[in-house]
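Structure assessment
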Amino acid sequence: MDAQPGDLIEIFRGVYQHWALYIGGSEVVHLTSPAALGNLVGTVRRQKIGEVVDGDPFQINNLWDHRWRPRDRAVVVMEACSMEDEELLYNTVTFNCEHFVTALRYGRPESRQVTTATTIAGATLVGVGLVALGAALFGAMREEDEEDGKRQRRRHRRRRQ
């Protein structure tokens with residue numbers, strides 16, 4: 001691996017990605033998720049990258065370098081190391097491991113996973129809404145057609161009388 005101190009490491013865990021910050025010497029700093037459901041506190045850990053990756057595929061991914069200028073690597077690493085064993089509020093949507101490492105590298109917490117999930121959820125809701133609207137319109141048109149049919153039958157009966 002050709003990671004430099006301050007690089008972001010993306011670890012593929014199946015349905016989600018875990019993120020860590022490479023600090024050199026085959027070590028990373030990362031925010032662990034809460035150990036128990038309902039616990040809102042994660043812990044900042046400093047570990048060997050092999051322990052964190054645990055056989056899962058991973059890559060260097062400084063995903064926002066094209067948009068934001070990374071902070072000085074030495075400052076990023078020093079700040080990350082100073083947070084070891086700190087407990088931080090953890091929230092899958094507003095502050096997760098990806099938010100943690102992007103805040104260190106860029107000075108702003110961002111999570112592409114959350115943005116992507118929100119976009120998919122929004123598109124799904126729009127799709128469901130369109131289906132419901134279509135069903136409602138179809139139902140209204142069908143009722144209107146039935147009323148027209150009844151009116152025509154009444155007119156036809158009146159003419160025959």
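Calculation criteria
Residues numbered from 1 in each chain as written. Predicted model: local features only at pLDDT ≥ 70, side-chain atom pairs only at ≥ 80, totals over all residues. Heavy atoms only, no water. Helix = DSSP H or I, 4+ residues; strand = E, 2+ residues; numbered from the N terminus. Buried < 20%, exposed > 50% of the residue type's maximum accessible area, 1.4 Å probe, protein only. Contact = heavy atoms within 4.5 Å. Areas by Shrake-Rupley, 256 points an atom, 1.4 Å probe, with all protein chains shown as cover. Pairing = 2+ DSSP bridges. Axes fitted to C-alpha atoms, helices over the stretch in contact; angles between N-to-C directions. Arc of directions from axis to C-beta. Polar contact = N/O pair within 3.5 Å; in protein donor to acceptor, adjacent residues only side chain to side chain. Salt bridge = Lys/Arg side-chain N within 4 Å of Asp/Glu carboxyl O. Phe/Tyr/Trp six-rings, centres within 6.5 Å; stacked < 30°, edge-to-face > 60°. Lys NZ or Arg CZ within 6 Å of the ring centre and 35° of its normal.

This paragraph deals with the overall build of the protein. A count of helices and strands for the protein gives 4 helices and 6 strands. Helices and strands appear in the protein in the N-to-C order β-β-β-β-α-β-α-β-α-α. Out of the 161 residues in the protein, the part that is buried amounts to 32%. Within the protein, contacts between residues separated by at least 24 positions form 59% of all contacts whose residues are at least 6 apart in sequence. Taken as a whole, the protein presents about 10,400 Å² of accessible surface, with 54% of it coming from carbon and sulfur.

Attention now moves to the sheet that holds strand S1 (residues 8-12). Each strand in a sheet pairs with its neighbour through backbone hydrogen bonds, running either in the same direction (parallel) or in the opposite one (antiparallel). Taken together, the 6 strands give an open sheet; going across it, the order is S5-S1-S2-S3-S4-S6, and neighbouring strands pair in antiparallel fashion. Edge positions in the sheet fall to strand S5 (58-60) and strand S6 (87-89), since each of these pairs with one other strand and no more. If you compare each strand with its neighbour and ignore which way they point, the axes differ by 30 degrees on average. Here strand S2 (residues 17-24) runs beside strand S3 (residues 27-31); their pairing, made up of 3 bridges, is antiparallel. For Leu21, the partnering residue across the bridge sits in S3 and is Val29. Against the sheet, helix H2 (residues 73-82) engages S2, S3 and strand S4 (41-48), with an angle of about 110 degrees to S2.

Among all positions of H2, only Val76, Val77 and Ala80 are buried. Each buried residue of H2 sits inside an arc of 95 degrees when the element is viewed along its axis, so together they form one side. What points out from H2, more than 90 degrees from its buried face, is the exposed set Ala74, Met78 and Ser82. Its buried side turned inward, H2 meets S2, S3 and helix H3 (97-106). Where H2 begins, one side-chain oxygen reaches toward the backbone nitrogen of Ala74, 3.1 Å away; that side chain belongs to Asp72.

By the secondary structure assignment, Arg105 is in helix H3. Judged by relative accessible area, Arg105 falls into the buried class, the value being 3%.

Let us look at the pattern of salt bridges. Across all of its chains, the model carries 8 salt bridges by this definition. We note a salt bridge from Arg13 to Asp56, for which the minimum N-O separation is 2.6 Å. With Arg13 in the loop between S1 and S2 and Asp56 in the loop between helix H1 (49-53) and S5, this pair connects stretches of sequence that are 43 residues apart.

A word on the packing of aromatic side chains. The full count for this structure, using the stated rule, is 2 aromatic pairs. Seen from their ring centres, Trp64 and Trp68 are 5.0 Å apart, and the 40 degrees between their planes marks the pair as tilted. By the burial criterion, Trp64 is buried, and Trp68 matches it. Aromatic rings pair up to connect Trp64, Trp68 and Tyr106 into one cluster. The residue whose ring lies beneath Arg67 is Trp68, and the NZ or CZ to ring-centre distance is 5.6 Å.

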